[in-house]
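# A closer look at the structure
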Amino acid sequence: MPTFTSFDGLQLSYTVWEGDGRHRRPVLLQHGFAADSQANWVGPGVVEALLDSGFTVVALDARGHGGSEKPHEESRYGEETMARDVSALLDELGYDEVSLAGYSLGAIVALSVAANDPRVRCLATGGVGSGVVDFGGVDVRVVSPEQVADGLLVEDRADVPAAVLPFRRLVRRTGGDVEALAAVLRSMRSPRIDLSAVTVPTLVLAGESDRLATEPERLAAAIAGARLVRVPGDHMTAVADPAFVAALAGFFAYSDTGETRLTISSPW
């Protein structure tokens, strides 16, 4: 996997899969917390579906994750820092426009990028809902970043809240660095994203049983022209459901035809 130097000198890993030229706009994917590009996008079939649709696909391993550097200092993380990494990758690749998708923490990052970087021309979020509107990010009514951080570091599984157990299992599956991941969580300040600044066509995807993406209709309502699609699954499984993959690929293909704004009569 190639790497590049982000704005603060950290080495970040990414992958590019070249499309067949049917679409002018690459798709950039930002995974969720404790996952990586393989776990979030390749394994569930998202990359394959986008390639089958003709897109060039780029997936970034966020700092602290996957093949990217994993410092243990909280000061090296934060949602705004991770958003700057996405823009730095666009600089590195020389892209002047992309469609951007993010899941969970990656969705929060993607929203911030879309609100500030004009190279994002189309946006899809997954795994988030009204928590973005009410708290600026993670829905702390379900579990707080600090609780997840503590739950990753504690040795006795019996001391771990039920809401944290799926993240512990994901870390084991991906071989994540728990010290780095705890630093990611403890750096989160949930700065309010100016959702009115997100003016590109937007798709909000949410699992019907995803407790971290409750009331996704409120997030969609806060973004002008956004479309909501609910799919089967919870926070860990919705991204792998065929309905999620089909909706994402179809939405990006529709947007790439040259439409500048979704309308009420649109199939999206």
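Notes on the structure follow. (Residues numbered from 1 in each chain as written. Predicted model: local features only at pLDDT ≥ 70, side-chain atom pairs only at ≥ 80, totals over all residues. Heavy atoms only, no water.)

Structurally, the position occupied by arginine 173 is in helix 7 (residues 165-174). Judged by its relative accessible area of 60%, arginine 173 falls in the exposed class. With 163 residues separating them along the chain, arginine 173 and leucine 10 place their C-alpha atoms 24 Å apart. (Helix = DSSP H or I, 4+ residues; strand = E, 2+ residues; numbered from the N terminus. Buried < 20%, exposed > 50% of the residue type's maximum accessible area, 1.4 Å probe, protein only.)

Another aspect to go through is the packing of aromatic side chains. Under the counting rule described, the total for this entry stands at four aromatic pairs. Their ring planes at 70° and their centres at 5.9 Å tell us that phenylalanine 4 and tyrosine 14 sit as a pair that is edge-to-face. Of this pair, phenylalanine 4 sits in strand 1 (residues 3-5) while tyrosine 14 sits in strand 2 (residues 11-17), and the two are ten residues apart along the sequence. Here phenylalanine 4 and tyrosine 14 have matching classes, each one buried. Note on phenylalanine 33 and phenylalanine 167: the rings are 6.0 Å apart at their centroids and 55° apart in plane angle, and the pair reads as tilted. With phenylalanine 33 in the loop between strand 3 (27-30) and helix 1 (37-42) and phenylalanine 167 in helix 7, this residue pair connects regions lying 134 residues apart in the sequence. Across the pair, exposure class does not vary: phenylalanine 33 and phenylalanine 167 are buried alike. (Phe/Tyr/Trp six-rings, centres within 6.5 Å; stacked < 30°, edge-to-face > 60°.)

Right, let's get into the pattern of salt bridges. Summed over the entire model, instances satisfying the criterion amount to 18 salt bridges. Close ionic contact of arginine 24 with aspartate 256 constitutes a salt bridge, the shortest N to O distance being 3.6 Å. With arginine 24 in the loop between strand 2 and strand 3 and aspartate 256 in the segment after helix 10 (242-255), the pair connects residues that are 232 residues apart, well separated along the chain. Arginine 24 gets classed as partly exposed once you look at its relative accessible area, which sits at 46%. (Salt bridge = Lys/Arg side-chain N within 4 Å of Asp/Glu carboxyl O.)

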